[in-house]
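These are the residues of each chain, in order.
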Amino acid sequence: MKKFFTITLLIILLNQINAQQEFLGNWGSNGIATDISVSIVENKINVSSVSSVSGNPLQTTDVRYNKNKLYLKNNYVPNNWKTNVVFVIKDKKTLIASIVNMNGVFEIEYVKKE
C-alpha cells in the first residue's frame, strides 16, 4: 500500500511539473496589454511583465501556480495601475488571461513568441 501511495504522489508531482512547463517562454498580447516572460528560477516560477504600449517593465508580484493556472499581480509604477491576472492554457501556443483592474474584468489571448 505504501508503494502505491508513493507512486501516485510521484505521478501527481510529475504532472504538475509538466503543466508548469507549458507556461514557460515568452508570450505576447499583440499590443493589447503586456508581454510576459515565464521562467523557472531557483525552482520557482518567475514572471517578468512589460507594457506592450510603453515598453516599460511592471512590478510582478505574488506569482503562484495552482491547478493548471498561473496567478500574478502586476503594478505599473508610473501611474500605480494594478491588475490581477489568471492565465490558463488554451493550447501549446495560446494562453487566455483573465484580467481584473479598476476598469473591470477582461479576457485577453496571449500567443507564444518563437
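Now for a description of the structure that goes with this document. Predicted model, so just to flag it, every value in this text is computed and none were measured.

**So, the packing of aromatic side chains**
Aromatic ring pairs are reported here in terms of the distance separating the ring centres and the angle at which the planes meet.
And then number 1: The full count for this structure, using the stated rule, is 2 aromatic pairs.
And then number 2: Considering the side-chain rings of phenylalanine 23 and tyrosine 65, the 6.0 Å spacing of their centres and the 75 degrees angle between planes classify their relative orientation as edge-to-face. Here the residue phenylalanine 23 occupies a position in helix 1 (residues 2-23), and tyrosine 65 occupies one in strand 4 (residues 57-66), the gap between them amounting to 42 residues. With respect to class, phenylalanine 23 is no different from tyrosine 65; both count as buried.
And then number 3: Considering the side-chain rings of phenylalanine 87 and tyrosine 110, the 5.1 Å spacing of their centres and the 80 degrees angle between planes classify their relative orientation as edge-to-face. With phenylalanine 87 in strand 6 (residues 81-91) and tyrosine 110 in strand 8 (residues 104-112), this residue pair connects regions lying 23 residues apart in the sequence.
And then number 4: Given the relative accessible area of 1%, phenylalanine 87 is considered buried.
And then number 5: Seen from the ring of tyrosine 71, arginine 64 lies directly overhead, with NZ or CZ sitting 4.8 Å from the centre.

**A short note on the pairing of strand 1 (residues 25-28)**
And then number 1: Taken together, the 3 bridges between strand 1 and strand 2 (residues 34-41) define a ladder with antiparallel strand orientation. Opposite glycine 25, over in strand 2, you have valine 38 as the bridge partner.
And then number 2: Once strand 1 ends, the chain turns through 5 residues before running back antiparallel as strand 2, passing asparagine 30 with a positive phi of about 55 degrees.
And then number 3: Where strand 1 and strand 8 come together, 2 bridges link them in antiparallel fashion. Looking at strand 8, one finds that tryptophan 27 is bridged to lysine 112.

Cut-offs used in this document
Residues numbered from 1 in each chain as written. Predicted model: local features only at pLDDT ≥ 70, side-chain atom pairs only at ≥ 80, totals over all residues. Heavy atoms only, no water. Phe/Tyr/Trp six-rings, centres within 6.5 Å; stacked < 30°, edge-to-face > 60°. Helix = DSSP H or I, 4+ residues; strand = E, 2+ residues; numbered from the N terminus. Buried < 20%, exposed > 50% of the residue type's maximum accessible area, 1.4 Å probe, protein only. Lys NZ or Arg CZ within 6 Å of the ring centre and 35° of its normal. Pairing = 2+ DSSP bridges.

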